[in-house]
Amino acid sequence: MKQKLVSCFVAMSMCGFLIPFPSADNMSMSNPVIKNNSDNKTHTSDNSTDNSLLIDNNTPVQISVREDTKFLKEKFGSCFSVGTCVSPHELDTGSEFILNHFNSITPENELKPDTILNQQASELYGNNVNTQVFFNDNVRKTLKFCEDNNIPLRGHTFVWHSQTPDWFFKENFRYDGADVTPEIMNQRLENFIKNTFELLATDFPNLKVYAYDVCNELFENNGGGFRKPGSNNLSMGKSYWTKIYSDDSFVINAFTYARKYAPKDCKLYINDFNEYIPAKTNDIYNMAMKLKDLGLIDGIGMQSHLDTSYPDIKTYENALNKFISTGLDVQITELDITCTDFAVQGKYFKDIFTLAAKNAEHISSFTLWGTHDSISWRNYSNPLLFGANYSEKEAYKQVMSITNADIK
Ligand code: G3I
């Protein structure tokens, strides 16, 4: 294990964002029955062995899996919503498939800072702090698809070291400006979050944004706390946020602003990868507890970019249990599992879904990072449930074979 972690850190320091061993290679048809709110998802009695949830009308429902359906969202309909990330181009051919299987969508890249921040408009606004945002046609395509089909959306993301332009942190929103002060950046951050939620509400009034990754990938992998200061665009893995701020106030402020401007039923998450590495689990846990004490956070997102060789299910379970112990909601936000052997991958997918279903009272949403292998960001190692043309892989069959006896 120690040797594996060392090689993982070496790979990460070379490439910035990397997963360990990257080379190893009819409940409701539209909306989840269970509320996606951690507040509404509680034990039905003081006896926590009671494996049940409350549904919208406060009727207790037993957590179970359906054994008579071929669709993921129906299979796990009483456990959690089942989501996928979506890129707009997939909607041309894959919309029926997506509607059949999923009742949550995360835009894969379309709500990231580099897509929605508007440099020219921010500079032209002229007061150095009113960050302007816009949605291009691609962004609108995904948002409209969710709105038209009543699919609740996971927003992703505001504060991130990656896919964020350097001009956002510089005077007059210009690449040639000096770095701004934390006081200026606070105002920019507030306006970024405010203007994004306002644009969502104005242009997509019927879209339900039920969760948002307020902060993404804040931490080093080895328990070293926040990312090192710098520009990720110049030196991969560094963070401009920690270059501007010398403490955690940007995280606390981001959640404060998100709480202020997000729809009231939109839950707020801290989201990270390699979250199962124990030292990193601790950093995420500590930040989440601080935010919880301030009443600013609803949950923790486990990205869950896994490989069949690491981590093992027990290591993953330990992290899940630690996050559950915060009392916050947990969401699995970006699951994929790279592999060299489809049978081994199938077993691992089954183990993860089974573990999540067993803990469904603490997990409101379970998202796969894509529908099929050919369009995955890790397409070189076939990390998803479906293959080309949405063909059913062993992994899909294994997941659909989960029985109620398995999740007891
Ligand atoms: O849109 C441009 C296109 O104009 C250009 O021609 C092309 C050339 O490379 O690039 C296109 O942008 C790519 C973008 O995806 C849209 O397809 C970027 O190069 C590519 O780097 C980007 O990758 C995304 C990656 O985040 C970037 O960090 C992946 O699609 C996306 O799946 C991935 O998602 C992240 C989560 O947000 C956070 N957790 C990790 C996860 C995987 O890296």
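Residues numbered from 1 in each chain as written. Predicted model: local features only at pLDDT ≥ 70, side-chain atom pairs only at ≥ 80, totals over all residues. Heavy atoms only, no water.

## Regarding the overall build of the protein chain
- Looking only at helices and strands, the protein chain features 13 helices and 13 strands.
- Of the roughly 15,600 Å² of accessible surface on the protein chain, 50% is carried by carbon and sulfur atoms. (Helix = DSSP H or I, 4+ residues; strand = E, 2+ residues; numbered from the N terminus. Areas by Shrake-Rupley, 256 points an atom, 1.4 Å probe, with all protein chains shown as cover.)

## Some thoughts on the site of the ligand
- Taken together, 14 residues lie around the ligand, and Glu108, Lys112, His156, Glu334 and Trp369 are the ones closest in.
- Within the contact set of the ligand, a nitrogen atom lies 2.6 Å away from a side-chain nitrogen or oxygen of glutamate 334.
- Contact between the ligand and tryptophan 369: an oxygen atom at 2.9 Å from a side-chain N or O atom of the residue.
- If the ligand stood free it would expose 790 Å²; the protein chains cover 46% of that surface. (Near = heavy atom within 4 Å. Polar contact = N/O pair within 3.5 Å; in protein donor to acceptor, adjacent residues only side chain to side chain.)

## Observations concerning the packing of aromatic side chains
- Applying the stated criterion to the full structure yields 26 aromatic pairs.
- Pairing phenylalanine 158 with phenylalanine 192 gives two aromatic rings, centres 5.3 Å apart and planes at 85°, and the pair type is edge-to-face. In this pair, phenylalanine 158 sits in strand 5 (residues 153-160) while phenylalanine 192 sits in helix 7 (residues 182-203), placing the two residues 34 residues apart along the sequence. Note on accessibility: phenylalanine 158 and phenylalanine 192 belong to one class, buried.
- Cation over ring: arginine 188 sits above phenylalanine 173, and NZ or CZ is 3.8 Å from the ring centre.
- A cation over a ring is seen here: lysine 280 above phenylalanine 273, with NZ or CZ 4.0 Å from the ring centre. (Phe/Tyr/Trp six-rings, centres within 6.5 Å; stacked < 30°, edge-to-face > 60°. Buried < 20%, exposed > 50% of the residue type's maximum accessible area, 1.4 Å probe, protein only. Lys NZ or Arg CZ within 6 Å of the ring centre and 35° of its normal.)

## Observations concerning the pattern of salt bridges
- Tallied over the full model, the rule gives 20 salt bridges.
- Residue lysine 144 is joined to aspartate 148 by a salt bridge in which the shortest nitrogen-to-oxygen separation is 2.8 Å. Of this pair, lysine 144 and aspartate 148 both sit in helix 6 (residues 137-148), separated by four residues, roughly a single helical turn.
- Overall, aspartate 148 belongs to the partly exposed group, its relative accessible area being 48%. (Salt bridge = Lys/Arg side-chain N within 4 Å of Asp/Glu carboxyl O.)

## Digging into the environment of leucine 72
- Counting through the fold element by element, leucine 72 comes out in helix 2 (residues 72-75).
- Leucine 72 gets classed as buried once you look at its relative accessible area, which sits at 0%.
- For the pair leucine 72 and glycine 83, spaced eleven residues apart in sequence, the C-alpha separation works out to 9.0 Å.
- Residues contacting leucine 72, with those up to four places away along its chain left out, are Val82, His101, Phe102, Leu368, Leu385, Phe386, Val399 and Met400. (Contact = heavy atoms within 4.5 Å.)

## A word on the packing of helix 7 against helix 9 (residues 249-261)
- Across the interface, helix 7 lies against helix 9 with an axial gap of 9 Å and an inter-helix angle of 30°. Here helix 7 lies roughly parallel to helix 9, going by the angle between them. In the packing of helix 7 onto helix 9, the handedness of the crossing is right-handed. Each of Asn186, Leu189, Glu190, Ile193, Lys194 and Phe197 in helix 7 lies in contact with helix 9, whose residues at this interface are Phe250, Asn253, Ala254, Tyr257, Ala258, Lys260 and Tyr261.
- When grouped by side-chain class, the residues that make up the contact of helix 7 with helix 9 number eight nonpolar, two polar and three charged. (Axes fitted to C-alpha atoms, helices over the stretch in contact; angles between N-to-C directions. Parallel < 35°, antiparallel > 145°, perpendicular 65-115°, else oblique. Left-handed = near helix turned anticlockwise from the far one by under 90°. Nonpolar A, V, L, I, M, F, W, Y, C, P; charged D, E, K, R; others polar.)

## Thoughts on helix 10 (residues 278-293)
- Taking 1.5 Å per residue as the helical rise, helix 10 with its 16 residues ought to reach 22 Å, and the 22 Å between its terminal C-alpha atoms agrees with that figure.
- Three or more residues of helix 10 are buried, namely Lys280, Thr281, Asp283, Ile284, Tyr285, Met287, Ala288 and Leu291.
- Residues of helix 10 that are buried sit in contact with helix 9, strand 7 (267-272), strand 8 (299-302) and helix 11 (313-324).
- One or two positions beyond helix 10, positive phi appears at glycine 295, with a value near 70°. (Expected span 1.5 Å × (residues − 1).)

## Re the environment of aspartate 176
- Considering the arrangement of structural elements, one finds aspartate 176 in the loop between strand 5 and helix 7.
- The class of aspartate 176 is exposed, set by a relative accessible area of 58%.
- Here arginine 174 takes part through its side chain, which lies 2.9 Å from a polar atom of the side chain of aspartate 176.

## Considerations on the pairing of strand 6 (residues 209-216)
- Most of strand 6 is tucked away: eight of the eight residues are buried.
- One ladder, built from six bridges, connects strand 5 with strand 6; its direction is parallel. Directly across from histidine 156, in strand 6, lies its bridge partner aspartate 213.
- As for the winding sense of the linkage, the β-α-β connection from strand 5 through helix 7 to strand 6 is right-handed.
- Bridging between strand 6 and strand 7 involves five bridges; their strand directions are parallel. By the bridge assignment for strand 7, alanine 211 is matched with lysine 267. (Pairing = 2+ DSSP bridges. Right-handed = clockwise from strand over helix to strand, strands pointing away.)

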